[in-house]
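Structural characterization, general
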Amino acid sequence: MKQITAVIRQQRLEAVEAALHALPHLPGFTILKATGHPRGHGQDHHFVADEWNPDAHDALVLLVLCTDDDAPAIVEAVTKAAHTGQPGDGIVGVAELAAAVRIRTGERDAAAL
């Protein structure tokens, strides 16, 4: 099992959702609002924690739990749909998922997905 986490632009959400819905096996997914600090920005600035940071930007975090077999297609769909070619397109991470339990039914692991 895999956990796929993607940080994407808010403007690309509709395209990413459409790409996931077009997959043969639609995975369940969760979208979270986030504020990010892009890699390589703000290194020469010293910000106090309570000050407004002009380098911060709004983003979305997509979370997908899936089988090992479904992971490559999900990563490909998200990557293509979120791509604009501009800095700040985001990143996709894939991690091993040790266990999953569906709260409503008690199903475990692959059956829970």
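Residue positions are given per chain, counting from 1 as you read along its sequence in written order. Predicted model: local features are reported for residues with pLDDT of at least 70 only, side-chain atom pairs are reported and counted for 80 or more only, and whole-chain, interface and lining totals are derived from all residues. To get the side-chain values, take all heavy atoms of the structure and skip hydrogens and water.

This brings us to the layout of surface pockets. By volume, the second largest pocket amounts to about 240 Å³. Together, Gly 28, Phe 29, Thr 30, Leu 63, Val 64, Leu 65, Ala 100, Val 101, Arg 102, Ala 112 and Leu 113 line the second largest pocket. Helix and strand definitions here come from DSSP, where helices need a minimum of 4 consecutive H or I residues and strands a minimum of 2 consecutive E residues; each element is numbered from the N-terminal end. When residues of the lining of the second largest pocket are traced back to their parent elements, those giving at least two are β2 (29–36) and β3 (57–66). Considering every element that reaches the lining of the second largest pocket, the biggest residue donor is β3, with three residues. Here the term cavity refers to a set of points on a 1 Å grid, laid over the protein atoms alone, in which a 1.4 Å probe fits but cannot get out; the term pocket refers to an open set having protein on both sides within 12 Å along at least five of seven lines, with lining residues being those that place an atom within 4 Å of a point. Grid points are joined across faces, edges and corners, and a volume is the space filled by probe spheres set on the points.

By salt bridge we mean one thing: a side-chain nitrogen of Lys or Arg within 4 Å of a carboxyl oxygen of Asp or Glu. On inspection of all chains with the given rule, the structure shows five salt bridges. Where Glu 96 meets Lys 2, a salt bridge forms, and the shortest distance between an N and an O atom there is 2.2 Å. Taken as a pair, Glu 96 in strand β4 (residues 90–96) and Lys 2 in strand β1 (residues 2–8) lie far apart in primary sequence, 94 residues in all. Looking at Glu 96, the relative accessible area reads 58%, which means it is exposed. We call a residue buried when its accessible area falls under 20% of the maximum for its residue type, exposed when it is over 50%, and partly exposed in between, using a 1.4 Å probe and counting protein chains only. With relative accessibility at 16%, the residue Lys 2 sits in the buried group.

Geometry is summarised by axes, namely lines fitted to C-alpha atoms with helices restricted to the contacting stretch, and by angles between N-to-C directions that run from 0 to 180 degrees. Taken N-terminus to C-terminus, the directions of helix α1 (residues 13–21) and helix α2 (residues 71–82) make an angle of 150°; their axes are 8 Å apart at the nearest point. Considering the angle they form, α1 stands roughly antiparallel to α2. By crossing handedness, the relation of α1 to α2 is classed as right-handed. Touching Ala 15, Val 16, Ala 19 and Leu 20 of α1 are Ile 74, Ala 77, Val 78, Ala 81 and Ala 82, all from α2. Residue polarity is assigned by list, with Asp, Glu, Lys and Arg as charged and Ala, Val, Leu, Ile, Met, Phe, Trp, Tyr, Cys and Pro as nonpolar; anything else, Gly included, falls into the polar class. Class assignment for the residues of the contact of α1 with α2 results in nine nonpolar, no polar and no charged. Geometric relationships in this document are graded by angle, where less than 35 degrees denotes roughly parallel, more than 145 denotes roughly antiparallel, 65 to 115 denotes roughly perpendicular, and other angles denote oblique. By convention the crossing between two helices is left-handed if the near helix lies anticlockwise of the far one by an angle smaller than a right angle, and right-handed if it lies clockwise. When checking whether two residues touch, look at their non-hydrogen atoms; a contact exists if any pair is within 4.5 Å.

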